[in-house]
Amino acid sequence: MIVILNRDVKGTGKAGDVVKVSDGYARNMLIPKGYATEATEGNIRNLEKQKAIAAEKKAEEKAAAEAQAKKISQLSVKIKTKAGDGGKIFGSITSKDIAEALKSQHGIDVDKKKIQLDSPIKQTCETTVDIKLYYEVSATLNVIVEAE
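Residues numbered from 1 in each chain as written. Predicted model: local features only at pLDDT ≥ 70, side-chain atom pairs only at ≥ 80, totals over all residues. Heavy atoms only, no water.

Peer 1: I'm lost on the overall build of the protein in this one. Help?
Peer 2: The secondary structure content of the protein amounts to three helices and nine strands. Of the regular secondary structure in the protein, the N- to C-terminal order runs β-β-α-β-α-β-β-α-β-β-β-β. Taking 2.2 N^0.38 as the reference for a compact globule, 148 residues should give roughly 15 Å; the C-alpha atoms of the protein span a radius of gyration of 25 Å, well beyond that estimate. The dimensions of the protein, computed from C-alpha atoms along their principal axes, are 75 × 25 × 20 Å. For the protein, with 148 residues in total, the buried portion stands at 28%. Of the roughly 9900 Å² that the protein leaves accessible, carbon and sulfur atoms contribute 48%. Taking the average place of the 25 positive charges on the side chains of the protein and the average place of its 21 negative ones, the gap between the two points comes to 4 Å. (Helix = DSSP H or I, 4+ residues; strand = E, 2+ residues; numbered from the N terminus. Rg over C-alpha atoms; globule rule 2.2 N^0.38 Å. Buried < 20%, exposed > 50% of the residue type's maximum accessible area, 1.4 Å probe, protein only. Areas by Shrake-Rupley, 256 points an atom, 1.4 Å probe, with all protein chains shown as cover. Lys, Arg positive; Asp, Glu negative; His and termini not counted. Charge placed at Lys NZ, Arg CZ, Asp CG, Glu CD.)

Peer 1: Explain helix H2 (residues 41-73) to me, please; I cannot follow it from the model alone.
Peer 2: Owing to its 3.6 residues per turn, the α-helix brings residues three or four apart onto one side. Across its 33 residues, H2 extends 48 Å between first and last C-alpha, which sits within 8% of the 48 Å expected from 1.5 Å per residue. Within H2, burial applies to Leu-47, Ala-65, Ala-69 and Ile-72. Elements that come into contact with the buried residues of H2 comprise strand E1 (2-5), strand E2 (18-20), helix H3 (95-106), strand E8 (126-134) and strand E9 (137-147). (Expected span 1.5 Å × (residues − 1). Contact = heavy atoms within 4.5 Å.)

Peer 1: Would you explain the sheet that holds E2 in this entry?
Peer 2: Neighbouring strands of a sheet are bound in pairs by backbone hydrogen bonds; such pairs are parallel or else antiparallel. The strand order across the open sheet formed by three strands is E2-E1-E3, and the pairing between neighbours is antiparallel. Because the sheet does not close on itself, it has two edges, and the strands there are E2 and strand E3 (36-38). Each adjacent strand pair in this sheet contributes to an overall mean axis angle of 40 degrees, direction not counted. Where H2 meets the sheet, its contacts fall on E1, E2 and E3, and the angle it forms with E1 comes to roughly 30 degrees. (Pairing = 2+ DSSP bridges. Axes fitted to C-alpha atoms, helices over the stretch in contact; angles between N-to-C directions.)

Peer 1: Would you mind going over the pairing of E1 with me for this structure?
Peer 2: Two faces make up the sheet, and in a regular strand the side chains alternate between them. As paired strands, E1 and E2 are joined by three bridges and run antiparallel to one another. Considered in E2, the bridge of Val-3 is made with Val-19. With three bridges joining them, E1 and E3 adopt antiparallel strand pairing. Counterpart to Leu-5 in the pairing with E3 is Ala-36.

Structure below.
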């Protein structure tokens, strides 16, 4: 029997796959538990429509992320903090601080988890930070840390 998987099934396939399984496995396990539906022409057409809608949505999200990446790459963020002798700051600048500064100075909301920092910034300096906005889309932001 040929079925369309509604969920990932270990050893059988991933959600959305059209697979051939034994009749008993399909009728006794997959279909009653809602893991699969029978692959009729109507169900296959619905699956194709859903995949097309998902692909279109993904393309729109990627285009929006690319536009935001282009905008972010042209910006710089200034963060003022207390610093001691030699430019060493008290505490450190984290991805959360950078996200808050980007929102307050330029009105761009970016999740702090998307900001790629190897380690927190502990010196007054000018550095670039990578921001991963979407799969294969990233931007570089210029961050300037100054003493108050």
